[in-house]
Each structure stands twice: as C-alpha cells, then as structure tokens.
Amino acid sequence: MIESIIGSLFFEFVGALTKWVVYAVHHKVRGREVISFREMWDGRKGSQKSEIIMHGFSNIILGLIVVVGLFVLVLKLT
C-alpha cells in the first residue's frame, strides 16, 4: 500500500517536472511569463475536484512514460 503511494508521488513529481520544463521553455521562447512549478503541480486555482484528479492522473501517466522511456534508453546505450 505505502509503496504504491510513494510510487505515484514519484511519478507525479516526474510528470509535473517534465510538463513544467516543456511549458517553461515554450513560454520563454514566446516571450510570455513562465508559470510556477506549484501551479503545474497543483493545477489551476478554482478547479473542480474532477479536474484536479485528472490533472494529477495525467502527471502520473506522463511521469511513468518518461521514467520507462529513460530506462529503455539507458538499456539500449549499455
């Protein structure tokens, strides 16, 4: 039980960090203000509960894809 909670927090952090880096670069190139990491982690203010859950779930899925992709890349390079 605790392993799944820690795993989901890890994958959610990696997913939110990946999204934030991509959005930060995109906004910097376009000359817009860069959003904070907290906004990427928590979601938009005033969101409904279902939107917050979907935001967290998308972070977890993206984090899982990034970690597995990096793992496969490391295996291919060695």
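Everything below is about the structure shown above.
About the cut-offs
- Every residue gets a number counted from 1 within its own chain, in the order that chain's sequence is written.
- Local features in this predicted model are restricted to residues of pLDDT 70 or higher, and side-chain atom pairs are both shown and tallied only at a pLDDT of 80 or more, whereas totals for entire chains, interfaces and linings draw on every residue.
- Side-chain measures here rest on the full set of heavy atoms in the structure, leaving out hydrogens and waters.
- Strands are runs of DSSP state E lasting at least two residues, helices are runs of H or I lasting at least four, and both sets are numbered from the N terminus onward.
- For this measure, only C-alpha atoms enter the radius of gyration; the expected value for a globule follows 2.2 Å times N^0.38, where N is the number of residues.
- The buried label goes to any residue with under 20% of its type's maximum accessible area, the exposed label to any with over 50%, and the partly exposed label to all in between, with areas taken from a 1.4 Å probe on protein chains only.
- Pairs of residues are marked as contacts when any of their non-hydrogen atoms sit within 4.5 Å.
- Counted as positive: Lys and Arg. Counted as negative: Asp and Glu, with His and the chain ends omitted from the count.
- For this purpose, a charge sits on NZ of Lys, CZ of Arg, CG of Asp or CD of Glu.
- Criterion for a salt bridge: a side-chain nitrogen of Lys or Arg within 4 Å of a carboxyl oxygen of Asp or Glu.
- Structural elements are reduced to axes, namely lines fitted to C-alpha atoms, with helices fitted over the stretch in contact, and the angle between N-to-C directions of any two is expressed from 0 to 180 degrees.
- For classification, angles of less than 35 degrees are called roughly parallel, those exceeding 145 degrees roughly antiparallel, those between 65 and 115 degrees roughly perpendicular, and all remaining angles oblique.
- The classification used treats Ala, Val, Leu, Ile, Met, Phe, Trp, Tyr, Cys and Pro as nonpolar, Asp, Glu, Lys and Arg as charged, and all other residues, Gly among them, as polar.

Participant: Looking at this structure, how should I read the overall build of the chain?
Facilitator: When helices and strands are tallied, the chain shows three helices and zero strands. When the helices and strands of the chain are placed in sequence order, the string is α-α-α. Here the C-alpha atoms of the chain give a radius of gyration of 14 Å, more than 25% beyond the 12 Å that 2.2 N^0.38 yields for 78 residues. Counting every position in the chain, which comprises 78 residues, the buried fraction comes to 18%. Considering only contacts within the chain whose residues lie at least 6 apart along the sequence, 57% involve residues at least 24 apart. Seen as two clouds, the 9 positive and the 6 negative side-chain charges of the chain have centres 8 Å apart.

Participant: Mind showing me how you'd approach the pattern of salt bridges here?
Facilitator: Side-chain pairs of opposite charge can arise where the charged atoms are in close proximity. Going through the model one piece at a time under the given rule, you end up with one salt bridge. Here Asp-42 makes a salt bridge to Arg-38, at a shortest N to O gap of 3.3 Å. A residue pair is termed a helical-turn pair when its members lie 3 or 4 positions apart in one helix, as Asp-42 and Arg-38 do in helix α2 (residues 37-42) at four residues.

Participant: What is the right way to read the packing of helix α1 (residues 2-30) against helix α3 (residues 49-77) from this model?
Facilitator: The relative placement of two packed helices is expressed as an angle between their axes plus a distance between the axes. Here α1 crosses α3 at 90 degrees, and the two axes come no closer than 6 Å. Our classification of the angle between α1 and α3 gives roughly perpendicular. Contacts from Ser-8, Phe-10, Phe-11, Glu-12, Val-14, Gly-15, Ala-16, Thr-18 and Lys-19 of α1 reach α3 at His-55, Gly-56, Ser-58, Asn-59, Ile-60, Leu-62, Gly-63, Leu-64, Val-66 and Val-67. Residues that form the contact of α1 with α3 fall into these classes: nine nonpolar, eight polar and two charged.

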